[in-house]
Amino acid sequence: MKKIVLGLVVLMMSAAVIFAAGGGQQSGGSPAASGGGDAGTIILRWAFWGSEARVKASQAAIDAFQAANPGIKVNIEVSGGTGDHFNKVDTQLAGGAGPDIIQMGGNFPDYVAKNVILNLNPYKGGLLNVSTIDAGAIEAGSVRGNLYGVSTGATIPALIYNKTLLEKAGLPLPKVTQTWEEFRAYLASIKPRLPTGVYPLTDFGSTSSGSTGFGYWLRWNGTPIYDDVTGTTKATAADAKKFLDLFKDYRDNGFVPPADISAGYAETNVDSSSLIAGKVAISFIVSNQFANYQAAIQDELGLIELPGAAATKALWPQLSQVYTINAASKNIEAAVKFINFLVNSPEAGKIIGNDRGISSSSSFRQGASSVATAADQKVFAYHDVAGPHTSPETPHLPNDTELNSTLNLIYQQVAFGQINTTQGGQQIYELLVRLSRK
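Conventions and cut-offs
Residues numbered from 1 in each chain as written. Predicted model: local features only at pLDDT ≥ 70, side-chain atom pairs only at ≥ 80, totals over all residues. Heavy atoms only, no water. Pairing = 2+ DSSP bridges. Helix = DSSP H or I, 4+ residues; strand = E, 2+ residues; numbered from the N terminus. Contact = heavy atoms within 4.5 Å. Axes fitted to C-alpha atoms, helices over the stretch in contact; angles between N-to-C directions. Buried < 20%, exposed > 50% of the residue type's maximum accessible area, 1.4 Å probe, protein only. Expected span 1.5 Å × (residues − 1). Salt bridge = Lys/Arg side-chain N within 4 Å of Asp/Glu carboxyl O. Core = buried A, V, L, I, M, F, W, Y, C linked by side-chain atoms within 4.5 Å.

Novice: Sorry, what's going on with the sheet that holds strand β2 (residues 72-79) here?
Specialist: Where strands meet in a sheet, backbone hydrogen bonds hold them as pairs that are either parallel or antiparallel. With mixed pairing, the 5 strands of this open sheet are ordered in space as β2-β1-β3-β13-β6. Two strands close off the open sheet at either side, each with one partner strand: β2 and β6 (150-151). The pairing of strand β1 (residues 42-49) with β2 spans 8 bridges and is parallel. Following the sheet pairing, A47 is matched in β2 by E77. Across the sheet, helix α3 (residues 82-94) lies against β1, β2 and β3 (101-104), angled at about 140 degrees from β1, the strand it touches most. Contacts from helix α13 (residues 332-344) reach β1, β2, β3, β6 and β13 (322-325) within the one sheet, and its direction differs from that of β13 by about 170 degrees.

The following block contains the structure:
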């Protein structure tokens, strides 16, 4: 019996030593995360959207970071597009189980207003080096003087075209800069000579997860979607009708695919692109997507501006995406350290390149420029032309995600002939007014 008791005492003492060894504290004072890693390893969850190429590059960057920081492990949570990403993240946040690092876009102020993402000001100059980041990018990622979103890079809306397809058909290439009238005339000229089943242009008036085409047209029209000073929209029902009429004209004349074909392409990345699928000659992207599109097809691609940009400077350099940190994260300092690596490391620059935009960090750009491809050079050239035709980005409507989904619903009703453009214009106007008051 004494031997048994002695054995139990030794076993209990050994267990105590084991638990003590695994009970280390993280930098924020919270218990070290678990979930598949070694005892004491901090586990970070990083949520983003993107194509398979982005996932591979992101994982390679993670591998480099983890090699230099063996006490931190980063797990990725990927969605194919922004709609799926934010639906999933919003559900996780509501349940108190949000990721540590969340990739966001221009809608990040909505999450600031909800106190969901972390104010990074206390980490500037320390774990987060901002001296290498363009001042404009810091300002764009800030709300009321506080930094919440660290820019992954800048990007400019663009039209992408299949150069090889047009040349094989004996067609002239589109001019880089055009008016809306010139652009329509070009679409009309190429339509009869394109291969059967190929249309001149993607219907980018609205997609399942994007309202950028509509936002651009409103800027060109001089009626920006939102005035954050007055909390109102400058657009009217008549403006929205003109926009719907524009794309109805394209649809009626076969410049864009019929509604049932267009609806089959989400246009969020190469995997859901009508251009990559060979259905259209010209499509809409933002410039940082170009390299992925070129990598996904053997044909040579090119970039041109959206119509009317030169006349009204309706384009804008936008934060491609921003890295934000969940304010409820238990691994805040580790998350800041990882973001600093993603944004500032030349090694990360070599791995990630321009996939998330032309970086706003000089140290990242050093790495990215050393491995610039021919596709990257085309993006640089496009920015040289389009940059002078930009003006500061229009403030986003509150509830940006709701705008995307509801606008697309109205747009599809018009495209399928369920309502006319007058009715659609009125519904869009009512949507803008309702969201501007939230």
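Novice: How do you make sense of the pairing of β13 when you look at a structure like this?
Specialist: Along any regular strand, the residues point their side chains to alternate faces of the sheet. Here β13 shows no split at all, with V322 and T324 on one side and Y323 and I325 on the other all buried. Where β3 lies against β13, 4 bridges are found, and the strand directions are antiparallel. Among the inter-strand pairings, I101 is bridged to a residue of β13, identified as I325. Judged from the 2 bridges that link them, β6 and β13 form a sheet pairing that is antiparallel. Within β13, the residue paired with V150 across the bridge is Y323.

Novice: Help me out: how do you make sense of the sheet that holds strand β11 (residues 301-304) in this one?
Specialist: Taken in spatial order, the 4 strands of this open sheet run β9-β10-β8-β11, and their pairing is mixed. Edge positions in the sheet fall to β9 (199-201) and β11, since each has one partner strand and no second. Taking the axes of each pair of neighbouring strands and ignoring which way they run, one obtains an average angle of 30 degrees across the sheet. Here β9 runs beside strand β10 (residues 280-286); their pairing, made up of 2 bridges, is parallel. Following the sheet pairing, Y199 is matched in β10 by V280. Where helix α16 (residues 374-386) meets the sheet, it contacts β8 (157-162) and β11, and its direction lies at approximately 15 degrees from that of β11.

Novice: Any chance you could explain the environment of E430 here in plain terms?
Specialist: With respect to the helices and strands, E430 occurs in helix α18 (residues 421-436). Taking the relative accessible area as the measure of exposure, E430 reaches 45% and is therefore partly exposed. Separated by 194 residues in the primary sequence, E430 and T236 place their C-alpha atoms 9.1 Å from one another.

Novice: Please clarify how helix α9 (residues 237-252) should be interpreted in this entry.
Specialist: In an α-helix, one full turn covers 3.6 residues, which means residues spaced three or four apart are oriented alike. In this model α9 runs 22 Å from its N-terminal to its C-terminal C-alpha over 16 residues, within 8% of the 22 Å that 1.5 Å per residue would give. Of all the residues in α9, the buried ones are A237, D239, A240, F243, L244, L246, F247, Y250 and R251. Against the buried residues of α9 lie α7 (180-190), β9, α8 (212-220), α10 (259-262), α17 (400-415) and α18. Looking one or two residues beyond α9, the residue adopting positive phi is G254, at roughly 75 degrees.

Novice: When you look at the pattern of salt bridges in this model, what are you seeing that I'm missing?
Specialist: Oppositely charged side chains can pair when the atoms bearing their charge come close. Here the structure, examined in full by the defined rule, presents 14 salt bridges. The closest approach of N and O atoms between R45 and E77, which form a salt bridge, is 2.6 Å. Placement of R45 in strand β1 and of E77 in strand β2 is noted, with a sequence separation of 32 residues between them. Under the relative-accessibility criterion, R45 is labelled partly exposed at 22%.

Novice: Would you take a moment to explain the nonpolar core for this structure?
Specialist: The tendency in soluble globular proteins is for nonpolar side chains to be buried side by side. Core analysis: the biggest nonpolar cluster contains 67 residues, and Y250 and I282 have the highest contact counts within it. Among the elements that line this core, the one with the most residues is α9, at 6 residues. Setting aside chain neighbours within four positions, we find Y250 in contact with W180, F183, R184, L187, L201, F255 and V256. Ranked by size, the runner-up nonpolar core spans 51 residues in total, among them W49, A64, V150 and F364.

Geometric values such as these leave the question of function open.
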